[in-house]
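Listed below are the residues making up each chain.
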Amino acid sequence: MKIRSLLSIASFLLGVVLCAQQSSPKVGLVLSGGSAHGLSHIGVLQYLEEHDIQVDYITGTSMGSIIGGLYATGMSAQEILDMASSQDWSALLRTQVHIRDIAPVEKDYHNRYALTLELTEDGLKLPQGFFNSQELDLTLNRMFRATNTITDFDSLPYPFRCIAVDIETGEIVVLKDGHLATAVRASMSIPSVFSPVVIDDRMLVDGGLIRNFPVEEVIEMGADVVIGVYVGSILEERENLISLIDILNQSAFMMGILDSREQKRAVDVLIEPDVKELPSFGFDLYDDLVREGYQAASKVDWSSILSLEQATRSPADRLRLPAAAVVSQTRLPYVEPPFDALAKFKYGYARTGSTTYDDIEAGVNRIFGTKHFDNVNYGFRNDARGRRILDLYARPRSVNTFSFAANYLPSSKTSVVVTNELRNKLSSPSVLYSTFRLSELYGAKLDYQYRLGDRKNFLFSAMVQAHRYEQELFNREELDAKFNETKIHGQVAIGYEPNNSVITRGYVGIQNHILDQVADGASSFSGYDRIDLNVGVDAAYSTIDVLQFPTTGISAKADISYDLMTKGIGAPRTDDVVLIPEDQNYLSAQFKGTAYYTPSAAFTLITRAAGGYKSSRSLVDNYRVGGLEGRDLGSVTMLGLTNHQLHFDQYVQIGSELRFSLWSSTYLSFRYDFLSGRRAFQTNRRSGDEVIDFGSFGTVVAVATPLGPIQFGYGRNSYTRTWHTNFTIGYTFF
């Protein structure tokens, strides 16, 4: 009898609790979009936690979907702030992944162009987004790793919705299930900035176009009371619409702004942080943004919330991420032969069992780095037997693009560079690069690469190039003669690519050197014409992080070849000037290596070493020393000399550089180099070899730009004891 009475009392009490919970008003939290301004949402979350204001549902758009999604996983405001402060937000706007993740055979063409257009049946077209989203996709996947096995957003610690817009129909799309990182990515796909995301065969873009403040959606989820945080745009008055950008911005987001006005009417507690004066992409100002959010939350009237009799409950438990993922099988659902072999090799397909998330990301980046696939991502699922499956989402790409660049280099003057890329059009997996330098000193290069072998890590390559450069011959510091060098070169090679750092090749080729005098001097090269057959091996190693001004890693190249002269016409007229013996066959070996180390964000320490050896002398293919133009293995940079001022047939160089980061994309370097070598030929009426040892020092001011690095150097060398300036713009291509 007593037991029965106790059970009855327990049942009654449980019913009372359940009824109380069911009747307790539900609180919804709405976070608007607003780019970096959305970081002020974190300050509002801090205020809610400090004052024990609990929420039951969360909705967000664009940046609000990131902050709201993270909070929905159970992360605290402090944990989100820690993530925001440690996040490289510029990575979200990076056009490409780090160059260390690019396949070695592709590194010479990676990220060197200011504009790329794709040729389709309808003509040339711009990309769907200005920024490639590979790094953005992986960053979001990293943020939301803990949700990789959750497909119903109601199963999160806080039920969550994010908003996107179908760009084809203009419909608002409420994302409530699927892969959370992908849903957030769709919600923040600003048109023309990021490419759209396809979910369930719908092309989705940033929800802020129409529904930047999703109040209606949180009410539909069951919220009785709504807390809204708005950091989106407002309609500017006429006096503030003074530029084309102002007009375009207001036009693009007008529907979203007008809709947000209506949504605000249904908000019980409206918080609008004062962030207008802070830049929209000022992600590094997170402290200021969070502070504005907290202050705005502390100024509003919370009586409508504090008067509620909310059911007391503990804060939601955060989803915990295991240190490693236990994978039973890895699949490539969208990849067929021959691309599957390449993707499997780059990822390390045989790896199963316990796998760290960092290893998974590294494998995904290696697949993307082949450039044979569109954006590559990953996700987890359980099969019918409960086994955990890792899906690698990679779609092979077949494109015909035209890329454009411009540069100024002393040897080729001002140039416009156009490269046509035919990828997987002639065969698969393959690429044909056709590069043309439009300048008074022309250049053209065809470079074909085809992957071979079971793992597609062997490469067959064929290259033909013809280019013309200006060369100046100095008698110490005085110009002695000026000539144009034309080089026509053909080569076939077999290469081996064991990983993304190393490539080795064996090659055979033929080359033709022609010299044309363009300024009279004591030395004459009129009619010089030489044809060589060459055979050799080369290797390249690179672990640097970025192409412009690396901060970590090592870059090195080496080459050994034998040149057999098959034709030599027009020995140089020397008068009484001592030049060189007649051209001969020769063996050559050359090396360049540079290491980058960054002990702090303020400066980078750079060390370099280089050397070259030729078994006999020749008029061409010598090591050209001077200036900032490191065109190839035969070009040796050194301050205090004009471009390629000294020619050596044997040399060793060591140097160091301390580079300071002045402000965004601007650098100041102090550099010292020492060189010891034998002059290839002389213009100074003295016979015999001339072996010289000398140093140079100076400073370089440089700026990273979409065209490539702009460099201005000023230095002095101890050989000619003169000061010289050097100036370059952009990348070298060949």
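This structure is a prediction, so every number in the text was calculated from the model and none was measured.

On to the packing of aromatic side chains. Inspection of the entire model under this criterion finds 20 aromatic pairs. Summarising the aromatic geometry, the rings of Tyr 378 and Phe 380 are spaced 6.0 Å apart at their centres and angled 85° between planes, so their arrangement reads as edge-to-face. Each member of the pair, Tyr 378 as well as Phe 380, is classed as buried. Grouped by ring-pair contacts, the aromatic residues Tyr 47, Tyr 294 and Trp 302 constitute a single cluster. The ring of Tyr 469 has Arg 631 lying over it, and the distance from NZ or CZ to the ring centre is 3.6 Å. Above the plane of the ring of Tyr 667 lies Arg 659, whose end atom (NZ or CZ) is 5.4 Å from the centre.

Before going further, it helps to examine a negative patch on the surface. Together, Asp 152, Glu 168, Asp 177, Asp 200 and Asp 201 give the surface a local cluster of negative charge. In this structure Asp 201 comes out as exposed when scored by relative accessible area, which is 71%.

Take the nonpolar core next. With 64 residues, the main nonpolar core has Leu 29, Leu 39, Leu 48, Leu 175, Ile 227, Ile 271 and Trp 302 as its most contacted residues. By residue number, the principal contributor to this core is helix H3 (residues 63-72), which donates 6 residues. Sequence-distant contacts of Leu 29, that is, excluding residues within four places in its chain, are made with Leu 45, Leu 48, Val 55, Tyr 57, Ile 58, Thr 59, Val 218, Ile 227 and Val 229. Residues Tyr 347, Ile 367, Phe 373 and Val 376 belong to the second largest nonpolar core, which totals 21 residues.

Overall, the coordinates contain 29 salt bridges when judged by the stated rule. Arg 291 is the salt-bridge partner of Asp 288, the closest N and O atoms lying 2.4 Å from each other. Remark: Arg 291 and Asp 288 occur in helix H10 (residues 286-299); sequence separation between them is 3 residues, near one turn of the helix. Of the residues examined, Arg 291 reaches a relative accessible area of 41% and is grouped as partly exposed. Residues joined in a network through salt bridges with shared partners are Glu 106, Asp 374, Arg 397, Glu 421 and Arg 423.

A few words on helix H13 (residues 357-369). When the terminal C-alpha atoms of H13 are compared, their 18 Å separation across 13 residues agrees well with the 18 Å that a helix rising 1.5 Å per residue should span. The complete set of buried residues in H13 reads Tyr 357, Ile 360, Glu 361, Gly 363, Val 364, Asn 365, Ile 367, Phe 368 and Gly 369. Those residues of H13 that are buried are in contact with helix H5 (134-143), strand S13 (324-327), helix H12 (339-347), strand S15 (353-356), strand S16 (377-382) and strand S17 (388-393). Downstream of H13 by a residue or two, Lys 371 has a phi angle that is positive, lying close to 65°.

Turning our attention to the confidence of the model for the chain. Detailed reading of the predicted coordinates is not advisable wherever pLDDT is low. For the chain, the mean per-residue pLDDT works out to 86, and 88% of the residues sit at or above 70. Ignoring residues within four places in sequence, the model shows residues 573-578, a span with pLDDT below 50, making 17 contacts including any to other chains.

Relative to strand S28 (residues 603-614), strand S27 (residues 586-600) runs antiparallel, the two being bridged by 11 bridges. Bridging across to S28, Tyr 597 finds its partner in Leu 605. The antiparallel hairpin formed by S27 and S28 contains 2 residues in its connecting segment.

Their axes nearest at 10 Å, the elements H3 and helix H4 (residues 77-86) cross at an angle of 130°. By the angle between their axes, H3 is oblique relative to H4. As H3 runs across H4, the sense of the crossing is right-handed. Every residue of H4 that contacts H3 at Ile 67, Leu 70 and Tyr 71 is listed here: Ala 77, Ile 80 and Met 83.

For the rest of this paragraph, the subject is the environment of Val 215. Considering the arrangement of structural elements, one finds Val 215 in helix H7 (residues 215-221). Considering only alpha carbons, one finds Val 215 and Lys 264, 49 residues apart in sequence, at a separation of 7.5 Å. Among residues more than four places away in sequence, those in contact with Val 215 are Val 30, Val 226, Gln 263, Ala 266 and Val 267.

Rules used throughout
Residues numbered from 1 in each chain as written. Predicted model: local features only at pLDDT ≥ 70, side-chain atom pairs only at ≥ 80, totals over all residues. Heavy atoms only, no water. Phe/Tyr/Trp six-rings, centres within 6.5 Å; stacked < 30°, edge-to-face > 60°. Buried < 20%, exposed > 50% of the residue type's maximum accessible area, 1.4 Å probe, protein only. Lys NZ or Arg CZ within 6 Å of the ring centre and 35° of its normal. Patch = residues over 30% accessible without salt bridge, like charges linked within 9 Å, V, L, I, M, F, W, Y side chains within 5 Å. Areas by Shrake-Rupley, 256 points an atom, 1.4 Å probe, with all protein chains shown as cover. Salt bridge = Lys/Arg side-chain N within 4 Å of Asp/Glu carboxyl O. Lys, Arg positive; Asp, Glu negative; His and termini not counted. Charge placed at Lys NZ, Arg CZ, Asp CG, Glu CD. Core = buried A, V, L, I, M, F, W, Y, C linked by side-chain atoms within 4.5 Å. Helix = DSSP H or I, 4+ residues; strand = E, 2+ residues; numbered from the N terminus. Contact = heavy atoms within 4.5 Å. Expected span 1.5 Å × (residues − 1). pLDDT = per-residue confidence, 0-100. Pairing = 2+ DSSP bridges. Axes fitted to C-alpha atoms, helices over the stretch in contact; angles between N-to-C directions. Parallel < 35°, antiparallel > 145°, perpendicular 65-115°, else oblique. Left-handed = near helix turned anticlockwise from the far one by under 90°.

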